[in-house]
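Architecture and fold: a report
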Amino acid sequence: MTHYRIDERDLAFNMFECPGVQQLEGNHPSPDAGEDTLRMVYEQISAFSQKVLAPLHDSGDREGCQFENGSVRVPNGMQQAWNDYRELGLIGMMASAKYGGADLPHFFAAPVAELECGSCVSFSMLPLLTRGSANLIASFGSDWLKDRYLPNMYSGQWAGTMCLTEPHAGSDVGASTTKAIPDGDHYLISGTKIFITWGEHDLSENIIHLVLARLPDSPKGSRGLSLFAVPKYRTADDGSILGGNDVECGNIEHKMGIKASPTCVMNFGTNQACIGYLVGQPNQGMAHMFQMMNAARIEVGVQGLAQGSAAYLAAKAYAQERTQGSRKSADGFRSLKIVEHPDVRRMLATMKALTEGGRALLYHLTLYLDLAHYHQSEAEKYEGYVELLTPICKTFGSDQGFKITEMAIQTHGGYGYCQEYGVEQYMRDVKISSIYEGTNGIQALDLVFRKILGNQGLHLKNWLAEITQFAGEIRDGELRAISSALLKASQEVAATAQFFASCKDMEQVQYHAVQFQESMSHLAACYYLSRQAQVALEKSKSSDEVFYTEKVLTAQLYASELLPAATFALTNMRKDPPIGLRISFKP
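Residues numbered from 1 in each chain as written. Predicted model: local features only at pLDDT ≥ 70, side-chain atom pairs only at ≥ 80, totals over all residues. Heavy atoms only, no water.

1. Description of the nonpolar core
- Membership of the largest hydrophobic core comes to 154 residues, with the highest contact counts inside it found for Trp-463, Leu-486 and Phe-516.
- Among the elements that take part in this core, helix H8 (residues 342–374) stands out by supplying 16 residues, more than any other.
- Among residues more than four places away in sequence, those in contact with Phe-516 are Leu-447, Val-448, Ile-452, Val-493, Thr-496, Ala-497, Phe-500, Leu-570 and Met-573.
- Core analysis: the next-biggest nonpolar cluster, separate from the first, contains 30 residues, Leu-164, Ile-208, Leu-227 and Val-279 among them. (Core = buried A, V, L, I, M, F, W, Y, C linked by side-chain atoms within 4.5 Å. Buried < 20%, exposed > 50% of the residue type's maximum accessible area, 1.4 Å probe, protein only. Helix = DSSP H or I, 4+ residues; strand = E, 2+ residues; numbered from the N terminus. Contact = heavy atoms within 4.5 Å.)

2. Here's the deal with helix H1 (residues 8–16)
- Burial in H1 covers these residues: Asp-10, Leu-11, Phe-13, Asn-14, Met-15 and Phe-16.
- Residues of H1 that are buried make contact with helix H2 (35–63), helix H4 (109–119), H8, helix H14 (506–540) and helix H15 (546–573).

3. Details of the side chain of Gln-443
- Relative to the helices and strands, Gln-443 resides in helix H11 (residues 440–452).
- Not counting chain neighbours up to four residues away, the residues in contact with Gln-443 comprise Arg-297, Pro-391, Lys-394, Thr-395, Glu-437, Gly-438 and Gln-517.

4. A look at unusual backbone geometry
- Look at the link from Cys-18 to Pro-19: it is a cis peptide, with omega at 5°.
- If you trace the backbone, Pro-19 turns up in the loop between H1 and H2.
- Residue Asn-283 is not a glycine yet carries a positive backbone phi of 65°.
- When you line up the elements, Asn-283 lands in the loop between strand E12 (275–278) and helix H7 (285–321).
- Asn-283 gets classed as partly exposed once you look at its relative accessible area, which sits at 25%.

5. A few points about the packing of H8 against helix H9 (residues 379–412)
- Two elements in contact, H8 and H9, have axes separated by 8 Å at closest approach and are oriented at 155°. Put simply, H8 runs roughly antiparallel to H9. Relative to H9, the crossing made by H8 is left-handed.
- Looking at the contact of H8 with H9 residue by residue, the class counts come to 22 nonpolar, 8 polar and 1 charged. (Axes fitted to C-alpha atoms, helices over the stretch in contact; angles between N-to-C directions. Parallel < 35°, antiparallel > 145°, perpendicular 65-115°, else oblique. Left-handed = near helix turned anticlockwise from the far one by under 90°. Nonpolar A, V, L, I, M, F, W, Y, C, P; charged D, E, K, R; others polar.)

So, in C-alpha cells, the structure goes:
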C-alpha cells in the first residue's frame, strides 16, 4: 500500500520564500491575498489529501469504474470524498464572490493542485474540470447562464466537463461534426464525443458539459466551431431537476492508469431532444475553449510534478531503509543502505533536481497568472510570460514526471515492479499527462509557431533578457558556475529560435520542435531553481538549516549535469537536416 509523502519544507519555501506570496503585496485586490490565508488553505488541503484522498489512490486503482446499463459506478469512497471536498470551498476559491467564490489568487491554487494530484490524481480531475468549465461560463456566458449555473458549479453541487474529441478526429478538433441546430432560445445538440473525463457519474446532482459543435452553414475547420453548455439534466429556474436531456454515456475506456476516473464516450441527442445554450459568440468556440484548455494544461503539468514528487519521496524513503551489499570498515564489514550506493544517489539527486526545478517553474508561473491581471506596471510582460511558459509547464511536468517515476521504480529494484510498493501506479497514472490536453508534440508546435515565431519572438526575448540579467548579476562564487550554464543555454535557445525563424524547411522545424521544447523547459526549471538557490544561499549565512545548503547544491547539480545535455541538443538542431526525415517507413 502506498504511503503518500509531501515535501512540506520545499512547498513552504515556494509559498513563503521564493517566489513567495509576498510578491502579491500591492499586486492583487483581495484583502485575503496574504500569508495567513495561504497557510490556512494549505493546512486544509494537506489534511484532506492525506486523510481522505490518499487512501483512495490504491483502492480506487484496484476497484476501478464500472459501466452498467448506461450508468457509471465509481469506486467506493469517491462520493464521501466529493462531499467533504465541497465543504472546503476550494472549487470556487479563485471565482467571484458574486457567484459563491472567494476571489483568491491563482498562486494559492498551486499547492492545492499539487496535493490533490499527488494524493489521488483520478479524483483531482473532477474539481479541475468543474472549475474550468465554470470559469468559461463566467468569462463568456450570458448573465442568464451565469446566474443559473455558476453558484451550483462553484459549490460542487453540479460538476462540469469539456467535450472536444470525436472518434474520427482525434487531436484534429477542427474535423468535429457534432451539430447545433437553432431551436428558439436554445439549440438542439447531436453528436458523439470521446475521452470525456468524468463525463458520467452520480457524485453531483447535475453535470454541465461544455461541448464544441457546428452551427448550420458555419465555416469549415476549427473556425466554424461554437461552444455550448449542455446539462445532463434539464432544470427549472430555481435549479431544481426537471428530467433528462438526452445525454447518455455509451461506454467507458479501460485504461492503463487513472482507473478511478471514468473516461467516457458521450452521446448527445440520440433522440433529437438534447438542448444546449450558446456560450459566447458563434464560431468562436475554439477561441473561448482555449481559456479552459490553457488552465488545464498548467494543471496537467502539476499532475506530472505531483506524481513525480510522490514517487521520488517514496524512492528516497525506500533507499534509506533497504539494506543491500556491504563495505569494509575498521570493525570488519558493515551492511550498506542502498542510498549509500553512488548509482542510487545519482538517481535520487536527479529526481530531486527535476522535482524541485519543476515546482519552482510552476509556482513562478502561477504567480505570473496573478501579475498578468493585477501588476501595477508590468502586467503585459507577465501576460507574455504566461503565454510562453504554459506549454513549457505542461510538457516539463508530464515528461519529467514520467521519467522520475521510472527512476523511482529503478531505485526500488524488483520491488518497484510490484504493486505492493505503489511506485508502478505513479508511472501508469502519470503517462496520460503527456497525451491529453494536447499531446506534447502539439504543445511543441504551439510553442514554436504560435508563442515564439507568431510574435517575432517578443515574449521569448523578454524572458531570455531577464535570465541573462539575473545570470550576469551573480557575484557569489558558489553560484558562478550556474551563471555560466544559464548564459550559455540562453544563447543556444535564442540562436535556435532564430534558426527556426529563417529556416525554409518547415518539416525540419517541426521535427526538432519537441526537442527544442524539452531543452527550453530545462532552461526554465534551472533558471527558477537558481533564483531559489540565490535566496537560499543568502539565508544559509544566518541559518544552519540543511535545507538551504541542499537547495544550492541541487541548483548546482542541475546547472552542471542536466542543463548542459539540453544545451548540446540545441546545437545539433542547427546542423544538417535530420536523418529521421529521410527514412521512408514503408511496409
